[in-house]
Amino acid sequence: MAAIYQAVYRRASSLFCRSHSTYVRKMRYLNELKEEDNLCRQAQTSGTFYLFHNLSPFLQKVGKKYLVPQLGAAEMKRTLEKFKETEQWIEKSVLIGCSDEHVPRFALDLGWDDSSSIRVRPLEKSVIESELEGSFTDLRKALFVVDEKDSPLLASAQSLLRWHDSHQYCSKTGQPTQKNVAGSKRVCHASGITYYPQMSPVVITLVSDGTRCLLARQPSFPQGMFTALSGFCDVGENVEETVRREVAEEVGLEVESLWYSASQHWPFPSSCLMIACHVLVRAQQAEIRMNSLELEEARWFGLEEIVEGLKREPRSSKQEDGSFLPWFPPKQAIAHQLICEWVKCQTS
């Protein structure tokens, strides 16, 4: 029995090390592409490309599914040649990852007009859609109709493209900045300042009094949708301080205890790192005093109502009298994970 155990252990250890080595090699390869322009330029000739137009990703509908096509380098070149455009478009792409086999992945916005020395005119959206038999789709919709594995890639790609679009000029000199080949930074040669893409930290918090959880909605939300409280971290705050402040500001409750759940990159409104937490407030002090400047509605939900809301889709929430039954963010959003964790805690 001991010999069998040792053999199984060695096999498991071997698989772990092999997997770990694959990951390490992949990360180091990506780092080399970011640091060495010539290597990244060479990778553009063998990589795959995800297309965007004015920050909307290109999708193809096959039956009832939406796919995110990857154009190989040769196909990308042929497509650009059909539009009588030069390969300078490729220089405008940004590196967004690579496969385990080290096939680089790039994102390219064909509707982007930047201030760099690479001057090419934006391509017509409808013409590209017709040529490639697909459509450029608003990212808010795209994230929830594509396969789950594609959503994070589209989100990070759009965020990086958006960052480049908004950092074309140096904040100190006003001179144009230039991106490196991978798009991992921009440099102002007049001042020597290097700019790197950044994310804004945001806490998203599910409040509970032990038997109920608190969800809220803003006026801009789709009808009937409720979600967890959220807010940006202020300068100098840690996560715990932000959570306590946001709960106090938005619903007038004082946090008794809190614990971390998980994190998620979210591209809206502009590349955020969502830090998800659960908090507990005292049941005896659970009267909501909503901040109407930030929220349209905030209320407590019992377990049964939460379970029913998780089953409900947006299109099925409207009732005959025109009102809407509550529904919650889809499973791709970290708010959905928080709500499911609360349900699991209540039923375990």
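Residues numbered from 1 in each chain as written. Predicted model: local features only at pLDDT ≥ 70, side-chain atom pairs only at ≥ 80, totals over all residues. Heavy atoms only, no water.

Looking at an unreviewed UniProt entry, one finds the chain named NAD(+) diphosphatase and attributed to Eurypyga helias.

Peer 1: What is the right way to look at the UniProt feature "domain: Nudix hydrolase" (unreviewed entry) in the chain in this model?
Peer 2: Within the UniProt annotation, "domain: Nudix hydrolase" (unreviewed entry) is assigned to residues 197–330. A distance of 28 Å separates the end C-alpha atoms of residues 197–330, which is 16% helix and 31% strand. (UniProt positions renumbered as here; feature names shortened; annotations may be inferred. Helix = DSSP H or I, 4+ residues; strand = E, 2+ residues; numbered from the N terminus.)

Peer 1: Please clarify how unusual backbone geometry should be interpreted in this entry.
Peer 2: Most peptide bonds adopt trans geometry, and most residues besides glycine take a negative phi value. Of note, the bond from Phe 268 into Pro 269 is cis; its omega dihedral lies within 30 degrees of zero at -5°. Positionally, Pro 269 belongs in the loop between strand E14 (257–266) and strand E15 (272–280). One non-glycine residue, Asn 54, lies in the positive phi region at around 50°. Positionally, Asn 54 belongs in the loop between strand E1 (48–53) and strand E2 (56–62). The phi torsion at His 102 lies on the positive side, around 65°, for a residue other than glycine. Tracing the backbone shows His 102 in the loop between strand E5 (94–98) and strand E6 (104–109).

Peer 1: How should I be thinking about the side chain of Thr 227 in this particular structure?
Peer 2: One can find Thr 227 in the loop between strand E12 (213–217) and strand E13 (229–232). The class for Thr 227 is buried, based on a relative accessible area of 10%. Residue contacts for Thr 227: discarding those within four places in its chain leaves Leu 215, Ala 216, Phe 221, Pro 329 and Ala 335. (Buried < 20%, exposed > 50% of the residue type's maximum accessible area, 1.4 Å probe, protein only. Contact = heavy atoms within 4.5 Å.)

Peer 1: What exactly am I supposed to notice about the packing of aromatic side chains here?
Peer 2: In this description, a pair of aromatic rings is defined by centroid distance and the angle of the planes. All told, the structure shown has 6 aromatic pairs when counted by the stated rule. Between Phe 49 and Phe 106, the aromatic rings sit 5.4 Å apart at their centres with planes inclined by 20°, giving stacked as the arrangement. Taken together, the residues Phe 49 in strand E1 and Phe 106 in strand E6 connect sequence positions 57 residues apart. Phe 49 sits in the buried class, given a relative accessible area of 0%. Aromatic ring contacts, followed pair by pair, group Phe 144, Trp 266 and Phe 268 into a single cluster. Sitting over the face of the ring of Phe 226, Arg 299 holds its NZ or CZ atom 5.7 Å from the ring centroid. The ring of Phe 301 has Arg 299 sitting right over it, with the charged end atom 3.9 Å from the ring centre. (Phe/Tyr/Trp six-rings, centres within 6.5 Å; stacked < 30°, edge-to-face > 60°. Lys NZ or Arg CZ within 6 Å of the ring centre and 35° of its normal.)

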